[in-house]
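Geometric and topological summary
Chain by chain, the residues:
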Amino acid sequence: MTGAGIRSGVIGWPIEHSLSPRLHGFWLKRYGIDGSYERYSVPADELETFIWSLPERGFAGCNVTLPHKEQVLSYVDEVDDLARAVGAANTIIVRGGKLYATNTDIYGFAENIRPSITQTGHAVVLGAGGAAKGVCKALQDLGFAHITITNRTQGRAEQVAQALGGALHVAAWEEREAVLEGADLLVNTTSLGLAYGPKLELSLDNLPSEALVTDIVYNPLITPLLAQAKARGNPVVDGLGMLLHQAVPGFSAWFGVQPVVDAELRAHVLAGIA
Ligand code: ATR
């Protein structure tokens, strides 16, 4: 493998800690593909030039991460329905010299929890930041009948509900424990629970013991919320699988091989988490 073949990578600012090169590098090696996937540190004022130059520089596409997921929509030829629905893209594909943007975080979140879902009645989503919109869209696509969003800043939750429409309801942050009653799924999309950050203060007393609990944070892998849920017997899904699954559609489009998410990949990526 020379790496001189198909080019791809991830662009962000900062980008040093991205696990995506480790993840795609594993698949490139596994499938014996002559391609590269590298980190590109791109500040906001260089984003447009970088994106437009992708085809002439031999890129099949790239991933886009923070803080460029929204801004990048302005610099492509076509935005698909998913990226448009959530107002953010994480994957760019070059097709016939044109740039096409999609959002695979929605797919990644859905695929990560799909095998563990037993009921699609009521889902509760904590947080209304950039990630929450994609999560709510995935929950709609998974068929949840009722989705409640609760966020410290209620106006942001209302914006998400308005943008996505459908059976999305907003509850006050003070009601976050009350709304757990009868829930089938609890998703944390807030930054609370990140390693070294502030903790999420939440009693799970009202949550049915069979409700699934998941966190989109994967560092730490078992967040305090997941540990708390596990201790009371709830099934839990950690956030690492979302990262692994979101990478599938991009890899497949750029390199022409549908990669498999399995235990070996997970162990390899996990070893890269400090
Ligand atoms: P992203 O766009 O990556 O999701 P974000 O926009 O910073 O990141 O969102 C972080 C989420 O964590 C938000 O829902 C935020 O709530 P606010 O909208 O009220 O800011 C939530 N969050 C962060 N710190 C919090 C805290 N101390 N208590 C409650 N929620 C918090």
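In case you missed it, the structure is sitting above this.
Heads up: these notes are all about the structure in this document.

What follows is about the overall build of the chain. Scanning the chain from N- to C-terminus turns up nine helices and twelve strands. In terms of C-alpha radius of gyration, the chain reaches 19 Å, essentially the compact-globule figure of 19 Å for 274 residues. Principal-axis analysis of the C-alpha atoms places the extent of the chain at approximately 55 × 35 × 35 Å. Within the chain, the fraction of its 274 residues that count as buried is 51%. Long-range pairs, those at least 24 residues apart, make up 68% of the contacts in the chain with a sequence separation of at least 6.

On to the packing of helix α8 (residues 240–255) against helix α9 (residues 263–270), then. Where α8 contacts α9, the two axes come as close as 11 Å, and the packing angle between them is 115°. One way to sum up the angle between α8 and α9 is to call them roughly perpendicular. As for the relative orientation of α8 and α9, their crossing is right-handed in sense. Taking contact as the criterion, the partners of Leu240, Gly241, Leu243 and Leu244 in α8 are, on α9, Leu265, Arg266, Val269 and Leu270. Broken down by class, the residue content of the contact of α8 with α9 amounts to six nonpolar, one polar and one charged.

Our next topic: unusual backbone geometry. Most peptide bonds are trans, and most residues other than glycine sit at a negative phi. Looking along the chain, the bond that leaves Leu66 and enters Pro67 is cis, with omega of 5°. Cis geometry is adopted by the peptide bond preceding Pro220, which originates at Asn219 and carries an omega value of 10°. If you trace the backbone, Pro220 turns up in the loop between β11 (212–215) and α7 (224–231).

In this structure the tally under the stated criterion is eight aromatic pairs. Ring geometry for Tyr40 against Phe50: centres 5.5 Å apart, planes inclined by 50°, an arrangement best described as tilted. Here Tyr40 is found in strand β2 (residues 35–41), whereas its partner Phe50 is found in helix α2 (residues 44–52), with ten residues between them in sequence. We note that Tyr40, like Phe50, is buried. Ring centres of Tyr40 and Phe59 lie 5.5 Å apart, and the angle between their planes is 70°; on these two criteria the pair is classed as edge-to-face. Note that Tyr40 is positioned in strand β2 and Phe59 in the loop between α2 and β3 (61–64), a separation of 19 residues in sequence. For the pair Tyr40 and Phe59, a shared accessibility class is recorded, and that class is buried. For Arg57, the ring lying beneath its charged end belongs to Phe50, and the centroid distance is 4.8 Å. One residue, Arg95, lies across the ring of Tyr100, its end atom 4.2 Å from the ring centre.

Within the structure shown, the criterion is met by six salt bridges. Taking the shortest distance from any N to any O, the salt bridge between Glu264 and Arg30 comes out at 3.3 Å. Of this pair, Glu264 sits in helix α9 while Arg30 is found in helix α1 (residues 20–30), placing the two residues 234 residues apart along the sequence. Looking at Glu264, the relative accessible area reads 53%, which means it is exposed. Judged by relative accessible area, which is 28%, Arg30 ranks as partly exposed.

In this section: the side chain of Asn151. With respect to the secondary-structure elements, Asn151 resides in strand β8 (residues 146–151). Judged by its relative accessible area of 9%, Asn151 falls in the buried class. Polar contacts involving the side chain of Asn151 include one to the main-chain amide nitrogen of Ala128, which spans 3.2 Å.

Looking now at the sheet that holds strand β4 (residues 78–79). Read from one edge to the other, the open sheet built from six strands follows the order β2-β1-β3-β5-β6-β4, with strand pairing classed as mixed. Whereas interior strands pair on both sides, the edge strands pair on one side only; in this sheet they are β2 and β4. Where β3 lies against strand β5 (residues 91–95), three bridges are found, and the strand directions are antiparallel. Paired with Cys62 across the bridge in β5 is Ile92. Where α1 meets the sheet, it contacts β1 (6–12), β2 and β3, and its direction lies at approximately 175° from that of β2.

Time to look at the site of the ligand. Taken together, 13 residues are adjacent to the ligand, and Gly130, Asn151, Arg152, Thr153 and Arg156 come closest. Ala128 places a polar main-chain atom, nitrogen or oxygen, 3.0 Å from an oxygen atom of the ligand. Backbone polar atom of Ser191 to an oxygen atom of the ligand: 3.2 Å apart, as the coordinates give it. A total of 640 Å² of accessible area belongs to the ligand in isolation, and the protein chains cover 71% of it. A class-by-class count of the residues in the shell around the ligand yields four nonpolar, seven polar and two charged.

Definitions and limits used
Residues numbered from 1 in each chain as written. Predicted model: local features only at pLDDT ≥ 70, side-chain atom pairs only at ≥ 80, totals over all residues. Heavy atoms only, no water. Helix = DSSP H or I, 4+ residues; strand = E, 2+ residues; numbered from the N terminus. Rg over C-alpha atoms; globule rule 2.2 N^0.38 Å. Buried < 20%, exposed > 50% of the residue type's maximum accessible area, 1.4 Å probe, protein only. Contact = heavy atoms within 4.5 Å. Axes fitted to C-alpha atoms, helices over the stretch in contact; angles between N-to-C directions. Parallel < 35°, antiparallel > 145°, perpendicular 65-115°, else oblique. Left-handed = near helix turned anticlockwise from the far one by under 90°. Nonpolar A, V, L, I, M, F, W, Y, C, P; charged D, E, K, R; others polar. Phe/Tyr/Trp six-rings, centres within 6.5 Å; stacked < 30°, edge-to-face > 60°. Lys NZ or Arg CZ within 6 Å of the ring centre and 35° of its normal. Salt bridge = Lys/Arg side-chain N within 4 Å of Asp/Glu carboxyl O. Polar contact = N/O pair within 3.5 Å; in protein donor to acceptor, adjacent residues only side chain to side chain. Pairing = 2+ DSSP bridges. Near = heavy atom within 4 Å. Areas by Shrake-Rupley, 256 points an atom, 1.4 Å probe, with all protein chains shown as cover.

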